[in-house]
Amino acid sequence: MVLEGNPEVGSPRTSDLQHRGNKGPCVLSSPGEDAQPGEEPIKYGELIVLGYNGCLASGDKGRRRSRLALSRRPHANGVKPDVMHHISTPLVSKALSNRGQHSISYTLSRSHSVIVEYTHDSDTDMFQIGRSTENMIDFVVTDTSPGGGAAEGPSAQSTISRYACRILCDRRPPYTARIYAAGFDASSNIFLGERAAKWRTPDGLMDGLTTNGVLVMHPAGGFSEDSAPGVWREISVCGNVYTLRDSRSAQQRGKLVENESNVLQDGSLIDLCGATLLWRTPAGLLRAPTLKQLEAQRQEANAARPQCPVGLSTLAFPSPARGRTAPDKQQPWVYVRCGHVHGYHGWGCRRERGPQERECPLCRLVGPYVPLWLGQEAGLCLDPGPPSHAFAPCGHVCSEKTARYWAQTPLPHGTHAFHAACPFCGAWLTGEHGCVRLIFQGPLD
């Protein structure tokens, strides 16, 4: 039985209730409608998953990868809000069974639901992100464990939603990208159950939050050498910005932040409660170092012939092609408390303080002693500076400004905790600063 017989035709604000449809996997190389044959499609931006250092352990394959470019589709697949219905529960299943009709269902009680229907929008493209491997998900993301132990396979313990979020990109300049919580499922629906946080807005529309939420942080000063971490916020299903809930899945929403928006900026972080993604714009990527520059820095560092100050052996950073396997004989190692770089040696162990605890033979400081690995995901770097600093305790090496930025950026963990982490492997940072300046010894000849 219909509780309110006539549908309410809403006129939602675009910034509050703009949702888009999806007709298939993300298009990476097909030219857009305005592109000439052979031309590359217009790129909206790229998403980089923190903790993988350039590639999944099992290799990037299809929609399951560590980095994905979002490009203009051959045909617009957007939808926009059209009609809002107040209906009784028996009619909900009927309304949601139409796969050709995108809709969002808000269950208010056992006898009352609100369904918002959407119609085609030719001005936007939509890209969906989640744990599901179904075709409507453009970017399949799985949980990332601290220290690079990524859970790439299906996990019953995953806290990432199957349909976690969606990004909507304007097809015309300046190609603005906006993020919204939740994604449409195989039936083209978003369903917020009775226990989900949801509410009626002052202008009579509906809004809500997903179970574990979608958090976003925009860096202050852009993603550049002068960047500073921003404030973490939660994004609603309708794209509104709220302060964080008391815990990740609390039913009480935070306060509306009216002077902030869901527009993604270069360097914006997106947390899906199990994995954190970095958004890079095309302009921002032009400022980032290239893989060729990173390789040139590696070769330049090795050409300086750094030596172990005790064993006097020549040290060299391994080639990225070798991957992060067991360290070889020339691998540089570092005492992360002081930054003194050595070759591997077996003395100085302090087993009473842990197997990695060693006493530096130069300054006598005791702390973790780990191999050094170059950060190979260029999109995570703020500048093309020399590889002068290492994260503690994992030993990933990058520029000073990149190291200091990530060392002071708290990343969400669990339901209410935050930890700074290495962006290349996800290991939680330790020590007073989270990173250390490397002290190399040059050749004696």
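Overview of the structure. (Residues numbered from 1 in each chain as written. Predicted model: local features only at pLDDT ≥ 70, side-chain atom pairs only at ≥ 80, totals over all residues. Heavy atoms only, no water.)

### Thoughts on the overall build of the protein
Counting its secondary structure elements, the protein contains 4 helices and 27 strands. Counting over 445 residues, the protein shows a buried share of 53%. A sequence separation of at least 24 residues applies to 65% of the contacts in the protein between residues at least 6 apart. When the accessible area of the protein is evaluated, it comes to approximately 19900 Å², of which 51% is carbon and sulfur surface. (Helix = DSSP H or I, 4+ residues; strand = E, 2+ residues; numbered from the N terminus. Buried < 20%, exposed > 50% of the residue type's maximum accessible area, 1.4 Å probe, protein only. Contact = heavy atoms within 4.5 Å. Areas by Shrake-Rupley, 256 points an atom, 1.4 Å probe, with all protein chains shown as cover.)

### Side note on the sheet that holds strand β20 (residues 357-359)
If you trace the 4 strands from one edge of the open sheet to the other, you get β19-β18-β21-β20, paired in antiparallel fashion. What marks the edges here is a single partner per strand, and that holds for β19 (341-342) and β20. Of the strand pairs in this sheet, β20 and strand β21 (residues 366-371) are connected by 3 bridges, and their pairing is antiparallel. Bridge pairing in β21 places arginine 358 opposite glycine 367. (Pairing = 2+ DSSP bridges.)

### What about the environment of isoleucine 439?
Tracing the sequence through the fold places isoleucine 439 in the segment after β27 (435-437). For isoleucine 439, the residues in contact, after removing those within four places along its chain, are Cys338, Gly339, His340 and Val341.

### Considerations on the sheet that holds strand β14 (residues 232-235)
Taken together, 7 strands build an open sheet; the order of strands is β2-β1-β17-β16-β13-β14-β15 and the sheet is antiparallel. Strands at the two margins of the open sheet, each flanked by one partner only, are β2 (67-71) and β15 (241-242). In this sheet, β2 lies alongside strand β1 (residues 43-49) in antiparallel orientation, the contact comprising 5 bridges. Looking at the pairing, glutamate 46 lines up with alanine 69 of β2.

### Here we look at a nonpolar patch on the surface
A cluster of nonpolar residues, Val310, Trp347 and Leu362, forms a patch on the protein surface that exposes about 270 Å² of accessible area. Classification of tryptophan 347 as partly exposed rests on a relative accessible area of 40%. (Patch = residues over 30% accessible without salt bridge, like charges linked within 9 Å, V, L, I, M, F, W, Y side chains within 5 Å. Salt bridge = Lys/Arg side-chain N within 4 Å of Asp/Glu carboxyl O.)

### Some words on helix α3 (residues 291-303)
Taking 1.5 Å of rise per residue, the 13 residues of α3 would be expected to cover 18 Å, and the 18 Å separating its terminal C-alpha atoms lies within 8% of that figure. Considered for burial, the residues of α3 that qualify are Leu294, Gln297, Arg298 and Asn302. Across the axial projection of α3, the buried residues extend over an arc of 130°, all falling on one side. In α3, the exposed positions that point more than 90 degrees away from the buried face belong to Lys292, Glu300 and Ala303. Positive backbone phi, at 50°, marks arginine 305, one or two positions downstream of α3. (Expected span 1.5 Å × (residues − 1). Arc of directions from axis to C-beta.)

### Description of the pattern of salt bridges
Applying the stated criterion across every chain, the model contains 16 salt bridges. Between aspartate 271 and arginine 248 there is a salt bridge; the shortest N-O distance is 2.9 Å. Pair noted here: aspartate 271 is in strand β16 (residues 269-271) and arginine 248 is in the loop between β15 and β16, with a separation of 23 residues, a long-range link. Note on accessibility: aspartate 271 and arginine 248 belong to one class, buried. The closest approach of N and O atoms between arginine 364 and glutamate 359, which form a salt bridge, is 2.9 Å. Classification of arginine 364 by relative accessible area gives exposed; the value is 55%. One continuous salt-bridge network, built from bridges that share partners, spans Lys43, Glu46, Arg67 and Glu377.

### Topic: the nonpolar core
Leu47, Ile129, Ile167, Ile179, Ile270, Leu272 and Leu277 are the most contacted members of the largest nonpolar core, which has 30 residues in total. The residues touching isoleucine 270, leaving out its near neighbours within four places in the chain, are Leu47, Ile167, Ile179, Val214, Leu215, Val216, Leu264, Ala275, Thr276 and Leu277. With 27 residues, the next largest nonpolar core counts Leu50, Leu380, Cys398 and Cys425 among its residues. (Core = buried A, V, L, I, M, F, W, Y, C linked by side-chain atoms within 4.5 Å.)

### As for the pairing of strand β6 (residues 124-130)
Among the 7 residues of β6, 7 are classified as buried, and the element is accordingly described as predominantly covered. Side-chain alternation along β6 places Thr124, Met126, Gln128 and Gly130 on one buried face and Asp125, Phe127 and Ile129 on a second face that is also buried. Relative to strand β8 (residues 165-170), β6 runs antiparallel, the two being bridged by 6 bridges. By the bridge assignment for β8, glutamine 128 is matched with arginine 166. The pairing of β6 with strand β7 (residues 139-140) spans 2 bridges and is classified as parallel. Looking across to β7, one finds that glycine 130 is bridged to valine 140.

### Considering the packing of aromatic side chains
Scanning the entire structure with this criterion turns up 13 aromatic pairs. On the numbers, 5.6 Å between centres and 85° between planes, the contact of phenylalanine 223 with tyrosine 405 is edge-to-face. Note that phenylalanine 223 is positioned in the loop between β13 (214-217) and β14 and tyrosine 405 in helix α4 (residues 400-407), a separation of 182 residues in sequence. The exposure classification of phenylalanine 223 matches that of tyrosine 405, with both residues buried. Ring geometry for tyrosine 405 against tryptophan 406: centres 5.4 Å apart, planes inclined by 80°, an arrangement best described as edge-to-face. Aromatic rings pair up to connect Trp333, Tyr335, Tyr344 and Tyr369 into one cluster. For arginine 253, the ring lying beneath its charged end belongs to tryptophan 199, and the centroid distance is 4.4 Å. (Phe/Tyr/Trp six-rings, centres within 6.5 Å; stacked < 30°, edge-to-face > 60°. Lys NZ or Arg CZ within 6 Å of the ring centre and 35° of its normal.)

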